[in-house]
Each structure stands twice: as structure tokens, then as C-alpha cells.
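For reference, the chains in residue letters:
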Amino acid sequence: MHLLGLDVGNTRLKWGIYARAQRNAELLAGGAMLLEEVDQLGRVLAAQPRTERVIGCAVAGSVVTARVCAELAALGLRCNWIAAQAEQCGVRNSYAVPSLLGADRWAAQLGARQRVPDRAAMVISVGTAVTVDCLSRDGVFIGGIVLPGFGLMLRALEMGTAGLRVPEGDIVEFPTNTSDALMTGGALAISGAARQMHARLQAREPGEVVVLLTGGAAPKLRDALGLPHQHVEHLVFEGLLCIAAQQPRPHTQRHQST
């Protein structure tokens, strides 16, 4: 039974079709689109392997989510949208109100737990916003931080200054132009926050802390992070697969039209 996973973020919708609802399932097809292009989702999915189940997380708001649901409905599909739980897939949630944790952050924690079930982990997700979330060795989501991503930082500087509207630069050791200064400054701000959280988690947890780097803008941070890490492209989907594997199969299978 093929499974479609959806991750509807603040800027883009990511999708992946898996051979089945279980960890390490084969990714048959995947892609991403800007939220402005969501009305093309049905056309894109109709050309892919047929799916019978859909599971997703969404942080983009009710309007965008409704548009996604309409695209799925046209294919005879309905999405099971997840929310953070008090406990799921071996992870316990420390939020006072568990459901207030972003669904994508929760799914990433579940994915991290499947990858490193016996060690503490720190998940750095680099997108429109950056999140740095900490998972204890015994499977407790301890907490995390949220800070602006590269684009938000640059736009904030553009809005607050008169002379910083420049092309995107590179991350270099000693910037000698404004474009590189902005990009390097953003990378060091994010990596500095991540290293502080890593030090806190390392002081709290015995043994190795595994750092997992994910998100669409993760490649921008890899060289500046200053921490040994694994780059995991589909960590949110790995968490969604774990949730789907624990749920009963639907009695009525829905198929895409061809």
C-alpha cells in the first residue's frame, strides 16, 4: 500500500511517495513546490505511482491546508493531518500543551528517534525559520529554540537599513563585500545558537549527542555549523512513516485517477 507524505511548510510543500508505511520504506518519488503553486499538486500527483494513504503535517495555515485538501479530494484522497502528541513512537513531549508544538518539529523528533534510538540527538531544521530541538537519550523531547532563517534575517536587514539591498552572497571566512558579510553573518548567528544548544544538551546527557541537519536550506549551513553532523534530507517524512506504521490501515482504499 503506497503512502503519500506531505510536509506543508511556511514557504514550500514537500511531498514523497513511499512503497509502504514503515521505516526505511523505499522512496518511489518526491518533490517540492512553492505554496503559490499548490493548485498544481493534483496534476503532479496524478502522474506519480498511485497512493492509497496520505499522512501529512502542515504549519502554513488553514487556507493553504484547505487548498491542499481540495487537490487531494479531486484524486479521491484524504489526508490524515498529524498533531504533536504527549507520547508517540517512543518520544515523550515536554511541552506543557503538547499539541502546541509544531507538527513538523514533532515529526522530525520522531524521525530522529528512529535513527538514533539509544542516544541523545539534536535536530537542526533550516527553512524559513530555523529550529534547534533536543531529544534526550531516553526519548524525551526536552525542548528547543526557534530563530529566523537566512531569508528572514536578510529581509529584516533590508527593511531596517538603507544600503543593504544587495545580491545573495557566499559564506566565507573573512567577508570583503556586503553580500558575503550578510550571508556569513546569518550562518554564524544560526550556527552559534546551535552550538550553544549542543553544549547544553551535552552537559545534560551522558554519551554522544548526534546532530541531525535537515530542511531545504540545510546545505547553506553545513560548512559553517562547526559540529559533526549527519545531513538527513527527509527527516520529517521518516517521522510520518513511523506514525503511519502504528495506525490501522483504512477499511476503504482510495485510488488516484489515471
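Look above for the structure.
Residues numbered from 1 in each chain as written. Predicted model: local features only at pLDDT ≥ 70, side-chain atom pairs only at ≥ 80, totals over all residues. Heavy atoms only, no water.

Draft legend 1. Quick look at the packing of helix H3 (residues 103-115) against helix H7 (residues 235-246). For the pair H3 and H7, interaxial distance at closest approach is 7 Å and the crossing angle is 80°. Considered as vectors, H3 and H7 are oriented roughly perpendicular to each other. Two secondary-structure elements touch here, H3 through Asp104, Ala107, Ala108, Leu110, Gly111, Ala112, Gln114 and Arg115 and H7 through Leu235, Val236, Glu238, Gly239, Leu240, Cys242 and Ile243. Here the residues of the contact of H3 with H7 sort into nine nonpolar, three polar and three charged. (Axes fitted to C-alpha atoms, helices over the stretch in contact; angles between N-to-C directions. Helix = DSSP H or I, 4+ residues; strand = E, 2+ residues; numbered from the N terminus. Parallel < 35°, antiparallel > 145°, perpendicular 65-115°, else oblique. Contact = heavy atoms within 4.5 Å. Nonpolar A, V, L, I, M, F, W, Y, C, P; charged D, E, K, R; others polar.)

Draft legend 2. Representation of the packing of aromatic side chains within the structure. Following the criterion strictly, the structure yields two aromatic pairs and no others. When the centroid spacing of 6.2 Å and the interplanar angle of 75° are considered together, the rings of Tyr18 and Phe237 count as edge-to-face. In this pair, Tyr18 sits in strand S2 (residues 12-18) while Phe237 sits in helix H7, placing the two residues 219 residues apart along the sequence. Here Tyr18 and Phe237 have matching classes, each one buried. Residues Tyr95 and Phe141 carry aromatic rings whose centres are separated by 6.0 Å and whose planes lie at 40° to one another, so their mutual orientation is tilted. With a gap of 46 residues between them, Tyr95 in the loop between strand S7 (91-93) and H3 and Phe141 in strand S10 (residues 140-148) connect regions that are remote in the sequence. Classification of Phe141 by relative accessible area gives buried; the value is 0%. (Phe/Tyr/Trp six-rings, centres within 6.5 Å; stacked < 30°, edge-to-face > 60°. Buried < 20%, exposed > 50% of the residue type's maximum accessible area, 1.4 Å probe, protein only.)

Draft legend 3. Spatial organisation of the state of the cysteines. Inspection of the entire model under this criterion finds one disulfide. Of all cysteine sulfurs in the structure, the one in Cys69 sits closest to Cys79, which takes part in no disulfide; the separation is 6.4 Å. Looking at Cys79, the relative accessible area reads 12%, which means it is buried. (Disulfide = S-S within 2.5 Å.)

Draft legend 4. Main features of the pairing of strand S8 (residues 120-126). Burial analysis of S8 places six of its seven residues in the buried class, which makes it a mostly covered element. Here S8 pairs with strand S9 (residues 129-135) via six bridges, running antiparallel. In the sheet register, Val123 faces S9, and the bridge partner there is Asp133. (Pairing = 2+ DSSP bridges.)

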